[in-house]
Amino acid sequence: MSPSSKTALVILNYNGRNYLERFLPSVLLYTPYEVDIIVGDNASTDDSIQFIKNKFPTVKIISLATNFGFAEGYNQVLKQVEADYYFLLNSDVELKESWQPLIDCLDTEKLVAAVQPKILSHSNPAYFEHAGAAGGWIDNWGYPFCAGRILDTIEKDKGQYDQSGEIFWASGASMMVRSKVFHDLGGFDGDYFAHMEEIDWCWRAKKCGWKVMALPIVKVYHIGGGTLAYNTPRKVFLNFRNNLATIIKNESILKLLYLIPLRKMVDFTAAIQFLIKGNAASAKAIFQAYFNIYQWLPVLIKKRKLIHQLSKGKSFDKSGIFRGSLIINYFILGKRKFSQLKNE
């Protein structure tokens, strides 16, 4: 494969002209010259496409006929991109340095399917950003968190998590993946629309023996909530529904027998907390998530069988799993920093 087709940086856009105007210059400046830069457009109704054609003629455009959402949108776009590696980057991310080490990582580490950089807050660069921070983990109850971000507590970046190493999931805001692995695993679950699809994909990859890494030597700066703002009822619904779907698809049957009732109790407690705080819409979103999951079960069971077929006989890489409970450690034991969580 020629050098120009080895890596493609792919931004999925939906009505993001303002972000493209702000951040595409940094993408062009700090992207290695041999990399294709592609914007996949999710049927935007603003002037994103014309703006790119006028201002950034070297950027390739793949236009979709409808808004497929983040998960299926990327699936549809990446079917049309020929490259060994895909660097998936949100439109609301600024680059301030070369990300060549991500390419070098996949070149060197042949068992790594995905790698993410350190993700810092664009508005407050001294702190990690919610979506990914220094690498994604998951606890024994299926709740995701990050090195540098536990639930809504975000740490200041003091270099405390600068050691590169294995994680459980890489952030969809900024992640590089091997294209063959991405497609062999069926890509993102398009039914998710948005949120948690990268966790589900990384879980499937790890069950098939692949590794996922964080490489904090590379830093990017993410606004966050650019397409769907944090803490909206819609985001709450997608996060709870898709997290439950991911657990049902990937956890063992025996564990699900006790985990689902446990999660239901904890999640409904979260809904009550939303009600107490006067946020009835978000409380309703959690109940809607569970109702939707019950309707979705036949489909999830089929997907679960397919994952089992893909991973049969493979060694599950369990790096990045916290064997304790994030909820107990955070709310009862008061541990708000990633460094305070220890696997026994």
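Use the structure listed above.
Reading the values: rules and limits
- Residues numbered from 1 in each chain as written.
- Predicted model: local features only at pLDDT ≥ 70, side-chain atom pairs only at ≥ 80, totals over all residues.
- Heavy atoms only, no water.
- Buried < 20%, exposed > 50% of the residue type's maximum accessible area, 1.4 Å probe, protein only.
- Helix = DSSP H or I, 4+ residues; strand = E, 2+ residues; numbered from the N terminus.
- Pairing = 2+ DSSP bridges.
- Patch = residues over 30% accessible without salt bridge, like charges linked within 9 Å, V, L, I, M, F, W, Y side chains within 5 Å.
- Areas by Shrake-Rupley, 256 points an atom, 1.4 Å probe, with all protein chains shown as cover.
- Salt bridge = Lys/Arg side-chain N within 4 Å of Asp/Glu carboxyl O.

K.L.:
I'd like a description of the pairing of strand β7 (residues 136-139), backed by residues and values.
P.N.:
Where burial is concerned, the two faces of β7 agree: the one with G136 and I138 and the one with W137 and D139 are both buried. With 3 bridges connecting them, β7 and strand β8 (residues 144-146) associate as antiparallel partners. Its bridge partner lying in β8, I138 is registered against P144. The turn joining β7 and β8, which pair antiparallel and follow one another in sequence, is formed by 4 residues; a positive phi near 90° is taken by G142. As judged from the 2 bridges shared by β7 and strand β14 (residues 321-322), these two strands associate in the parallel manner. Directly across from D139, in β14, lies its bridge partner F322.

K.L.:
Can you break down a nonpolar patch on the surface residue by residue, with the values?
P.N.:
The grouping of I328, F331, I332 and L333 at the surface amounts to a nonpolar patch, some 420 Å² of accessible area in total. With respect to the secondary-structure elements, L333 resides in the segment after α10 (326-332).

K.L.:
Could you give an account of the pairing of strand β13 (residues 211-222), naming the residues involved and the relevant values?
P.N.:
Of all the 12 residues making up β13, 9 are buried; the element is thus mostly covered by neighbouring parts of the structure. As defined by bridge partners, strand β5 (residues 93-95) adjoins β13 across 3 bridges and the pair is classed as antiparallel. If you follow E94 over to β13, its bridge partner there is Y221. Sheet topology places strand β6 (residues 112-121) next to β13; 9 bridges connect them, and they run parallel. Within the sheet, the bridge partner assigned to S121 lies in β13 and is H222.

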